[in-house]
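# Per-entry structural report
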Amino acid sequence: MATKSPRCRVAVVGCGWWAQGWHLPHLAANSPHVVIAAIVDPSPLPVSTLSSSPLLSLVELSQRYNCAVYNSVEEMLADDELAPTLDGAIVATSHASHFQVGMALLREGVHRRRMAEAVEKEQGGTDSIVAAGTKKRLRPRHNILHRPLHILMEKPMTCNVDEALDMCKMSMKYPEGAFVINHTANYRPQTFVAKRIISSGQLGKVRHITATMNGGLMWLFDDKKNESWVSKTPWRSREEESTSGADDNKTPMNGNGYAWGQLAHILAWIYAVLGADDVAVPTKVFCTMTHAPSTGADISLAAVVTCSDGITFSVSGTALLPGSQYADPPVGKRINVEIFGKKGCLLYGGDDNIPTSGKLELRRSAPGHKADGQSEFPCSQGEASNELNDGFYFEDGDQDGKGPGSMRVFLDACKSSAAKYENSMALLDKERDECTATLVDGHDTTLFANDSLIGVRTVQIIDAMYSSSISGNAVDIK
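Residues numbered from 1 in each chain as written. Predicted model: local features only at pLDDT ≥ 70, side-chain atom pairs only at ≥ 80, totals over all residues. Heavy atoms only, no water.

### Things to note about the packing of helix α6 (residues 189-199) against helix α10 (residues 258-274)
What counts, and what does not: With axes taken as lines fitted to C-alpha atoms, and helix axes fitted only over the stretch in contact, angles between N-to-C directions fall between 0 and 180 degrees. Every helix listed is a DSSP run of H or I at least four residues long, and every strand listed is a run of E at least two residues long, numbered separately from the N terminus. Reported orientations rely on four angle classes, namely roughly parallel under 35 degrees, roughly antiparallel over 145, roughly perpendicular from 65 to 115, and oblique for the rest. Should any heavy atoms of two residues lie within 4.5 Å, those residues are considered in contact. Here the term charged refers only to Asp, Glu, Lys and Arg, the term nonpolar to Ala, Val, Leu, Ile, Met, Phe, Trp, Tyr, Cys and Pro, and the term polar to all other amino acids, Gly among them.
Contact geometry for α6 and α10: axes closest at 7 Å, N-to-C directions at 45 degrees. Taken together, the axis directions place α6 and α10 in an arrangement best described as oblique. Two secondary-structure elements touch here, α6 through Thr191, Ala194, Lys195 and Ile198 and α10 through Trp269, Ala272, Val273 and Leu274. The class makeup of the residues in the contact of α6 with α10 is six nonpolar, one polar and one charged.

Below, the structure written as structure tokens:
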């Protein structure tokens with residue numbers, strides 16, 4: 001039977017500056033294989049202090065992308081005609097609402113699986129059936145046939161440690177769906193090369209990490225109009241407040257500013273390349289901060305992170321770099337990460353706007369040999385030299401094209417699941433018509449990306465940074 005290639009259907013939750021300038025155009029660029037099925041925003045007229053021109057209304061967006069409009073994710077998921085057809089959703093709402101929206105989507109995925117389990121149980125169980133004189137094995141429980149729901153979550157995953165832990169646990173309970181956090185640097189080819197070097201043991205046991213990220217962002221963090229970036233109260237628009245539940249967590253944050261807005265990127269990158277869940281598990285943080293004169297948002301910080309495996313870890317950053325990445329000409333962020341192990345070190349740094357300003361560098365420890373401490377550039381060697389352009393590539397904010405690597409991984413999961421589901425349903429229909437039993441490959445254990453633990457580590461460290469800065473003492477990780 002010929003394999004069909006159906007189009008996947010994606011919803012965008014939150015239609016602000018980033019969704020209108022990046023997510024929606026990227027999705028449209030992936031047509032016809034990707035369909036924008038719905039847009040969700042509590043405000044019919046989205047606004048942004050960061051946009052140089054007025055944002056489109058929901059009516060205008062609906063007309064441009066030929067899609068349905070909803071006021072909340074709950075309203076969208078209650079639509080019995082649209083909700084079951086969704087393959088994925090992008091969460092681009094305010095940071096404080098990530099948990100509410102993300103959990104609603106995860107619960108929808110689990111609900112789909114449970115409904116499919118109930119149907120299969122009613123039709124004969126999961127062990128075996130006898131039909132047309134032949135006994136055939138049905139799919140195991142974890143491969144119950146249903147349309148998975150994948151998620152692309154904007155960073156940070158949440159601004160609350162308990163919420164991050166709960167969402168991580170929930171996502172782990174639903175492995176059928178990808179849970180991608182939009183840390184675009186984590187999906188650069190250089191990042192995968194760095195991860196392979198560490199996982200293959202070329203650095204030996206990791207012992208020390210240093211990281212800095214400096215950007216020209218005073219225009220963002222010292223302007224009171226940018227409330228969601230500087231307010232210590234978990235920020236939502238008036239429309240979001242009117243549609244949130246009564247149990248909504250409005251506990252004031254310990255702080256807001258450069259740490260949540262920028263250091264989340266570099267912390268996520270570090271944990272992405274470290275790979276293993278038990279490496280550099282943070283236990284304690286000491287941090288000092290300085291703050292913007294008008295807003296009180298943090299604009300500079302220096303922190304030391306204590307880890308359970310003895311790794312020493314320092315991270316710092318500032319918004320005080322002159323210029324802006326959105327100016328003409330743009331000024332890129334200055335980023336540097338150094339990871340030291342028993343057998344060598346991995347260095348990656350440069351200007352985020354100038355690829356020639358740096359490259360991934362490996363230095364091996366070989367005392368008494370000529371190679372001791374000499375630079376190697378793994379992205380320029382062997383097969384890698386034919387696969388990617390060497391240079392410094394970190395965040396991917398290109399508005400053109402089909403989206404960053406994080407978007408592509410998310411859409412690949414959506415398209416893969418849509419194809420498997422549609423083809424499996426067609427096979428089921430055919431076999432029902434022929435009165436034969438269904439035979440499904442029990443070894444189909446596709447693993448989709450799950451960034452939730454990276455999200456948790458990022459939230460844990462940043463939350464502790466603020467607590468430490470307030471108390472003046474080192475604080476334990478929650």
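### Focus: the pattern of salt bridges
Here is the rule we go by: Take a side-chain nitrogen of Lys or Arg and a carboxyl oxygen of Asp or Glu: if they are within 4 Å of each other, that pair is a salt bridge. Under the scheme applied here, a residue whose accessible area is under 20% of the maximum for its type counts as buried, over 50% as exposed, and between as partly exposed, the area being computed with a 1.4 Å probe on protein chains only.
Counted under the stated rule, the structure contains 13 salt bridges. A salt bridge links Asp390 to Lys359; its shortest N-O distance comes to 3.6 Å. Of the two residues, Asp390 sits in the loop between α11 (384-387) and α12 (405-433) while Lys359 sits in the loop between β14 (344-351) and β15 (361-364), which places them 31 residues apart along the sequence. Classification of Asp390 as partly exposed rests on a relative accessible area of 23%. Overall, Lys359 belongs to the partly exposed group, its relative accessible area being 33%. Notably, a salt bridge pairs Lys415 with Asp412, separated by 3.9 Å at the nearest N-O pair. With Lys415 and Asp412 both in helix α12, this residue pair falls three residues apart, about one helical turn. For Asp412, a relative accessible area of 45% translates into the label partly exposed.

### Regarding helix α13 (residues 452-471)
Note the threshold: Each helix should span, by expectation, one fewer than its residue count multiplied by 1.5 Å.
Between its terminal C-alpha atoms α13 stretches 29 Å, which fits the 28 Å expected from 20 residues at 1.5 Å a residue. Counting buried positions along α13 gives 15 out of 20 residues, so the element sits mostly inside the fold. At the C-terminal side of α13, Gly472 shows a positive phi close to 80 degrees.

### Here's the deal with the sheet that holds strand β1 (residues 8-13)
Put simply, the test is: One bridge is not enough; two strands pair if DSSP finds at least two bridges between them.
The strand order across the open sheet formed by six strands is β3-β2-β1-β4-β7-β8, and the pairing between neighbours is parallel. Two strands in the sheet have a free side with no partner beyond their single neighbour: β3 (68-70) and β8 (179-181). Recorded for the sheet is a direction-independent mean angle of 20 degrees between the axes of neighbouring strands. Bridging between β1 and strand β2 (residues 34-40) involves six bridges; their strand directions are parallel. Each bridged residue has a counterpart across the sheet, and for Val13 the counterpart in β2 is Val40. Contacts from helix α1 (residues 17-29) reach β1, β2, β4 (88-91) and β7 (150-153), with the element oriented near 150 degrees to β2. Of the strands in this sheet, β2 and β3 are in contact with helix α2 (residues 58-65), which crosses β2 at around 170 degrees.

### Focus on the nonpolar core
Quick note on the threshold: Grouping buried Ala, Val, Leu, Ile, Met, Phe, Trp, Tyr and Cys residues that are joined through side-chain atoms within 4.5 Å yields what is termed a nonpolar core.
Counting 103 residues, the largest nonpolar core has Met76, Leu105, Phe221, Phe313 and Met465 as its most contacted members. Considering every element that reaches this core, the biggest residue donor is α10, with 14 residues. Contacts of Leu105, omitting those with residues within four sequence positions, involve Val73, Met76, Leu77, Ala89, Val91, Leu149 and Ile151. Membership of the second largest hydrophobic core comes to 27 residues, among which are Ile39, Cys67, Leu152 and Ala178.

### With respect to a positive patch on the surface
In plain terms, the rule: Within this analysis, patches are made of residues with over 30% relative accessible area and no salt bridge. Like charges are joined at 9 Å or less; nonpolar side chains (Val, Leu, Ile, Met, Phe, Trp, Tyr) at 5 Å or less. For every accessible area listed, the method is Shrake-Rupley and the probe measures 1.4 Å; residues are considered covered only by the protein chains on display. Only four residue types enter the charge count, namely Lys and Arg as positive and Asp and Glu as negative; His and the chain termini do not. The atoms used to mark charge sites are NZ of Lys, CZ of Arg, CG of Asp and CD of Glu.
A cluster of basic residues, Lys205, Arg207, Lys342 and Lys343, forms a positive patch at the surface. Among the secondary structure elements, Arg207 is positioned in strand β9 (residues 206-214).

### Here we look at α10
The end-to-end C-alpha distance of α10 is 24 Å, a good match for the 24 Å that 17 residues give at a rise of 1.5 Å each. Where burial is concerned, most of α10 is hidden: 17 out of the 17 residues are buried. A positive phi of about 80 degrees marks Gly275, the residue just after α10.

### Side note on the sheet that holds strand β16 (residues 375-376)
Ordered by their spatial adjacency, nine strands build an open sheet running β16-β15-β14-β13-β9-β12-β11-β10-β17, and the pairing between neighbours is mixed. Bordering the open sheet on either side are β16 and β17 (475-476), each of which pairs with just one other strand. Contacts between α13 and the sheet are confined to β10 (282-291), β11 (298-307), β12 (312-318) and β17, with β10 contributing the most and set at about 55 degrees to the helix.

### Quick word on the environment of Arg408
Within the secondary structure layout, Arg408 lies in helix α12. Separated by 378 residues in sequence, Arg408 and Asn30 place their C-alpha atoms 9.5 Å apart.

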